[in-house]
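Fold and contact review
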Amino acid sequence: MKTVIKLLPLIFLALGFFFSLVIASFSEIESAPVFESIGEFKDESSTPKISYDRINEVKRKCKSVLSSASELKVEELSMAPRKAKKKLSFRYGDWSQDSGDSPILPFDSTNTPRNSSSKPMNLVSFSVTDLDLPHRTKKYVGVNGVLLLAITMFNELPSLRSHGIREFELWPSHTQLKISFQGIYFENGDDERVLCMLGETMLPSRDESDSSSDPWKWVKEHDTPPLLQDDQILLLLRFPKSFTLTKRVIKGELTSLNQKPSLKFFDKIHLSSQLGKSVRYDFVSNDLVSKACDPYPYKNDTFTSSGSGINVYKGKGFCDLLQRVANRSPLTVVPNWKCNGTDEYCSKLGPFASDGDIKLTDGSFKDVKLYMQNIHCEETAARSETDAVTKVSAVFRAVHPSENLYISGMRSGLTNMTVTAEGMWKPSSGQLCMVGCRRGQVDGCNARVCLYIPTTFSIRQRSILVGTFSCLNTEKNLTPSFFPLSFEKLVEPMDMQNYFQSSVSHPFYSYSKLDEAGAILERNQEFSFGTIIKKSVMWFPKLEDSYDLLSSLSLLAEDLTFHTPAFTDKRASGTNFGMDVLSLGPLFGLFWRTTNVSIADQTTTTPYRTKAEYTEKQLLLNVSAQISLTGENFGNFSVLYLEGLYDEHVGRMYLVGCRDVRASWNILFESADLEAGLDCLIDVVVSYPPIKSRWLADPTAKVSISSTRPEDDPLYFKPVKLKTTPIFYRRQREDILSRAGVEGILRVLTLTFSIGCITSQLLYVSSNTDSLPFVSLVMLGVQALGYSLPLITGAEALFKRKAASATTYETPSFDLQKSQWFNVIDYTVKLLVMVCFLLTLRLCQKVWKSRARLLTRTPQEPHKVPSDRCVLLIALILHAIGYILALILHPARTERLVYGGYAPAASNWWQTKTEEYIGLVQDFFLLPQVIANAMWQIDTQQSLRKLYYFGITLVRLFPHAYDYIVGSVPDPYFIGEEHEFVNPNFDFFSKFGDIAIPVTAILLAVIVFVQQRWDYDKLSQALSVGRFRILPSRSVKYERVMSESEMVSRVRVNGNHSDEE
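Residues numbered from 1 in each chain as written. Predicted model: local features only at pLDDT ≥ 70, side-chain atom pairs only at ≥ 80, totals over all residues. Heavy atoms only, no water.

The name recorded for the protein in an unreviewed UniProt entry is RING-type E3 ubiquitin transferase, from Capsella rubella. In its Catalytic activity (unreviewed entry) section, UniProt records this for the protein: "S-ubiquitinyl-[E2 ubiquitin-conjugating enzyme]-L-cysteine + [acceptor protein]-L-lysine = [E2 ubiquitin-conjugating enzyme]-L-cysteine + N(6)-ubiquitinyl-[acceptor protein]-L-lysine." Under the UniProt heading Subcellular location (unreviewed entry), the entry covering the protein gives this text: "Endomembrane system". (UniProt positions renumbered as here; feature names shortened; annotations may be inferred.)

1. Section: the overall build of the protein
Check the secondary structure of the protein and you find 28 helices and 30 strands. In the protein, which comprises 1061 residues, the proportion classed as buried is 51%. Partitioning the contacts of the protein with sequence separation of at least 6, the portion at a separation of at least 24 is 74%. On the protein, roughly 51900 Å² of surface is accessible, and the fraction owed to carbon and sulfur atoms is 56%. (Helix = DSSP H or I, 4+ residues; strand = E, 2+ residues; numbered from the N terminus. Buried < 20%, exposed > 50% of the residue type's maximum accessible area, 1.4 Å probe, protein only. Contact = heavy atoms within 4.5 Å. Areas by Shrake-Rupley, 256 points an atom, 1.4 Å probe, with all protein chains shown as cover.)

2. Considerations on the environment of Thr137
For Thr137, the position within the fold is in the loop between β2 (121-132) and β3 (141-152). Residues Thr137 and Leu72, 65 residues apart in the sequence, show an inter-C-alpha distance of 8.2 Å.

3. So, the environment of Ser96
Of note, Ser96 is situated in strand β1 (residues 90-97). It is 7.0 Å that separates the C-alpha atoms of Ser96 and Asn122, two residues lying 26 residues apart in sequence. Not counting the four nearest positions on each side in its chain, Ser96 is found in contact with Lys268, Ile269 and His270.

4. Looking at the state of the cysteines
One pass over the structure, following the stated rule, counts 6 disulfides. Cys339 shares a disulfide with Cys346; S-S distance 1.9 Å. Sign of the S-S torsion, about -75° for the bond between Cys339 and Cys346, identifies this disulfide as left-handed. Both residues of the pair, Cys339 and Cys346, count as buried. Between the sulfur atoms of Cys437 and its disulfide mate Cys445 the distance is 1.8 Å. Taking the sign of the S-S torsion, about 100° here, the bridge from Cys437 to Cys445 comes out right-handed. Given the relative accessible area of 0%, Cys437 is considered buried. Here the bonded cysteines of the protein are numbered in sequence order, and their pairing is 1-2, 3-8, 4-7, 5-6, 9-10, 11-12. (Disulfide = S-S within 2.5 Å.)

5. As for the pairing of β1
In regular strands, side chains alternate between the two faces of the sheet. With 3 bridges joining them, β1 and β2 adopt antiparallel strand pairing. Bridge pairing in β2 places Gly93 opposite Val124. (Pairing = 2+ DSSP bridges.)

6. Observations regarding the side chain of Arg54
On the secondary structure map, Arg54 appears in the loop between α1 (2-30) and α2 (55-61). The class for Arg54 is buried, based on a relative accessible area of 11%. One polar contact links Arg54 to Glu57, side chain to side chain, over a distance of 3.1 Å. (Polar contact = N/O pair within 3.5 Å; in protein donor to acceptor, adjacent residues only side chain to side chain.)

7. Structural notes on the sheet that holds strand β10 (residues 331-333)
Spatial strand order, β10-β11-β12-β13-β14-β15-β17-β18: 8 strands in a closed barrel with antiparallel pairing. The mean inter-strand angle of the sheet, taken between neighbouring strand axes irrespective of direction, is 30°. Pairing between strand β17 (residues 463-471) and strand β18 (residues 485-490): 6 bridges, direction antiparallel. Across the sheet, the residue bridging to Phe469 is Leu485, located in β18. Against the sheet, helix α7 (residues 286-293) makes contact with β12 (390-399), β13 (418-425), β14 (432-438) and β15 (447-452), and its axis sits at roughly 115° relative to β14, the strand it touches most. (Axes fitted to C-alpha atoms, helices over the stretch in contact; angles between N-to-C directions.)

8. With respect to the UniProt feature "transmembrane region" (unreviewed entry) in the protein
When the UniProt feature table is mapped onto this chain, "transmembrane region" (unreviewed entry) is found at residues 744-765, 772-792, 824-844, 870-889 and 989-1010. Helix makes up 76% of residues 772-792 and strand 0%. Its end C-alpha atoms lie 30 Å apart. In residues 824-844, the share of helix is 100% and the share of strand is 0%. The end C-alpha atoms are 30 Å apart.

9. Some points on the nonpolar core
Formed by 56 residues in total, the largest nonpolar core has its most connected members in Leu149 and Leu195. For this core, the element with the highest residue contribution is β3, accounting for 5 residues. Residues from two domains meet in this core; each of domain 1 (54-274) and domain 2 (286-507) gives at least three. Sequence-distant contacts of Leu195, that is, excluding residues within four places in its chain, are made with Leu88, Phe126, Val128, Val143, Ile184, Tyr185, Leu235, Leu236, Leu237 and Phe239. Judged by nonpolar contacts, the second largest core, of 54 residues, contains Met779, Ala784, Leu926 and Leu1004. (Core = buried A, V, L, I, M, F, W, Y, C linked by side-chain atoms within 4.5 Å. Domains from an automatic or database assignment.)

10. Re the environment of Ala382
For Ala382, the position within the fold is in the loop between β11 (369-379) and β12. Taking the relative accessible area as the measure of exposure, Ala382 reaches 39% and is therefore partly exposed. Beyond its immediate sequence surroundings of up to four residues, Ala382 is in contact with Asp387 and Ala388.

11. Quick look at the pairing of β12
Counting buried residues in β12 gives 9 out of 10 residues, a clear majority hidden from the surface. Direction of pairing for β11 relative to β12: antiparallel, over a ladder of 9 bridges. Bridge pairing in β12 links Glu378 to Lys391. Of the strand pairs in this sheet, β12 and β13 are connected by 8 bridges, and their pairing is antiparallel. In the strand pairing of β13, Ala394 is matched with Ala421.

12. Some words on the confidence of the model for the protein
For the protein, the mean per-residue pLDDT works out to 78, and 73% of the residues sit at or above 70. Every residue in residues 1036-1043 is under pLDDT 50, and counting partners more than four places away or in other chains gives 22 contacts. This model gives residues 1045-1061 a pLDDT under 50, and the stretch forms 7 contacts once residues within four places in sequence are excluded. (pLDDT = per-residue confidence, 0-100.)

13. Some details on the pattern of salt bridges
Scanning the model with the defined rule gives 21 salt bridges in all. Three or more residues are tied together by salt bridges with common partners; here these are Arg659, Asp673, Asp679, Arg709 and Asp713. (Salt bridge = Lys/Arg side-chain N within 4 Å of Asp/Glu carboxyl O.)

14. Description of helix α8 (residues 318-326)
Within α8 the residues assigned to the buried category are Phe318, Cys319, Leu321, Leu322, Val325 and Ala326. End-on view of α8: buried residues confined to an arc of 165°, all on one side of the axis. Following α8 by one or two positions, Arg328 adopts a phi angle in the positive range, close to 55°. (Arc of directions from axis to C-beta.)

15. Things to note about unusual backbone geometry
Following Asp294, the chain continues into Pro295 via a peptide bond in cis, with omega recorded as 5°. Tracing the backbone through its elements, the reader meets Pro295 in the loop between α7 and α8. Here the phi dihedral of Asp362 falls at roughly 55°; this positive angle occurs in a residue that is not glycine. Considering the arrangement of structural elements, one finds Asp362 in the loop between α10 (357-360) and β11. Although it is not a glycine, Phe365 adopts a positive phi angle of roughly 55°. Positionally, Phe365 belongs in the loop between α10 and β11. Residue classification places Phe365 among the buried residues on the basis of a relative accessible area of 0%.

Structure below.
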């Protein structure tokens, strides 16, 4: 009872510290700063300067063009000045400079990657910043504007409305020059809007010594750029008043008014762009459209209403659907695999220019993309839906493989790689037929564009948008100038709900490779005793009870879809592997009940319930999917289109694969077994890990891809076998979220039990003071170290952090981090750890004081008092040897685990191994007591209570038992969070360690029990074999000294006091 009273101050001290931590944590949560936008630079001092002090000079310099000015209609400008300024602005136009010896801008390509094929692009943006409407005249209006010239490879152009842009900026792979202008705006009789302006800026200076050979030497030497003030720059921009198929080009010239000997002089610059969406488009090119599309619909061999088996979109809202499908998305160019002609004819990129790296593709058009830009769509009213006509205008831009794809998608200049198009779409046929004009010129309107949005998909048809460019012959029997060029936009499974949102136009999938998939199943089906056990014991992803069949299929499709790193046996680096399920049975895409009423109504009356037993045929589900490999290509493919069967019983997919072949046109033409230009002679088998009993199997997915072509076939590739990192199913992700809370409660319970064990030992030594000096201080120090480290470093007690093994492909769980419930558990654990630490220190104090009292009674014989010096030395030697062996054996284990993504990072390798071994030292906390009992040669001195050393041993071993039973599957959703008992991927906490460590710890506890049960002589005799003795003979070094109770009794006798008194 006295011991308990003495412990109360320690407990109150721990409670006070605990509540202070809790209050501090919640105050931090409440006072968390609200993050503001940091991407905006607001500097009022850098607002563009508006000035008209050079208007008279502008009129003199622009006299030649101002003479053609007509009377200005200012109503449009005064009514909507902001809209007027937007019409006179453009972004991402093109510029070129006349050949000469006076370039205007340098370019630094020093940091460009060597393997990069990207080429720098000359881009220009212009914005009108002010219109001087109060001082307008009958013919012109004063204007202020800003122009930005740039040479870039990867960077976007800054918005001219943003502040803080310096006049000249240069960094590797990007150069830009900002020029401020003031001038006049007027209109002429040629149906043009004209801007004539004078500008000023800080021009980069060329080298004076040898300007012809290398005018930008200071760029290579990375010197400070020499800048020259220049205010003699003339800008002339011409905008068409009307916006039509052949009238849309913005042309401009940038001229230096300085003479050539001056360093400020530069060769003339030509600017090009086009009108954008801020200007209303006029559909007035009916004559050109009728030449391409009359009679409508045009008979296209690729898609026709009958015979192809592919349905196309014919519903309402075509304009909205076209914008969603084609907006800012690159289109894939299909090789000319049907072409049979000369190499020059079959290698042409349709109506686009086919020079440079386009010709190098040899008709395969690998990495060549198309953009459908500047779409204008207008739906006309009609008496009936069949008579309705939708007019469409767009610009098709081809992108070289050497250009930056993202930046090219924003370019607005019209070059020989652009085709302007205008046409019509009718719901009766679903065909968008347009006439195409190269560079937007009338004499270049010799192309026809036919475009469709399919609603039927198959393994050969995976496109949400398909179209063709064909040559438009105005005369009969005229040889076409190019072979029809096809393009498409491949569908992504997750994007289907963004395209079709009405019940009328819901798409569907047509299966055509099920017989071939059945043959793959027969070739790969295993029949063995292990397969029978696998089917009976393990559960794989399958249909579950749900509201209806489609909902159950959607949940299963979610489990079968995964994105994770994958590795081969030879490649430790691996690749990013994606498996997307496109359709499963009658389900296509994602199932959304609220919008897809027509399909949902078929199953709402009868909820779907799984059967207890199924036949083998009923367990097979039709499935179509798509495999994507990011990184290193395997067998000349990065995307595989799949179709086949999924066996729920064994968790396997048996699939036929098709790949987009990117070979030369003649190889494709000679390959007669291609299906729609795709190589479909590919077998794919995907094996999924089980949902339950995961400790009996590898929790990774295995993928096998092989070509069935002969090895001498040009399209043959070697078999590819991949193994992913562990994947998680939907239910397992839900279990992981609750597992952290369960393990937190287990921590609280185990620590509470530890407190009880330590308290019982304190009560035991209070009534058994004779054995107290024989408790090893090294053993208590090991426990105190184990309790103090979590308080110092923040690590969890009894649980191992997984940060070293976690992959870097996921993000931490924000829900767990912000949950107050988990914070309460965390602080409760810290409180209990502190209580255990204080109780252990109290036990150390009692042992230390008891030895001190014995030493005061026998000052002449200090060797008879138990000492831990030798115990500490022996324990340190044993653990040092074990630690060195762990470091030596670590590389071999790392090689075995690196392919799965579990190997610890090299940066924290030492920290990881040290933390592991400290945990092992805590598991073997009884080792110093065993050594001490053997050295002190105790005679039935039960210094430790059985509840104490057996109880603490069980607490240390419980995490290993939990880990072995539950199965320690790596969890990518909680990187750096301590919700696991132990780390299953390290040497000490492997499956073998979960068995070996508990067995060793229990053996140590049994040895302590035997040492305290038998005296030293009896134990030494039992461990003797003949003349060989495991334990040495008894020594007088630790001969038993007088105990405290005997001393008290002797004092009482000498004082004439009896024992009864």
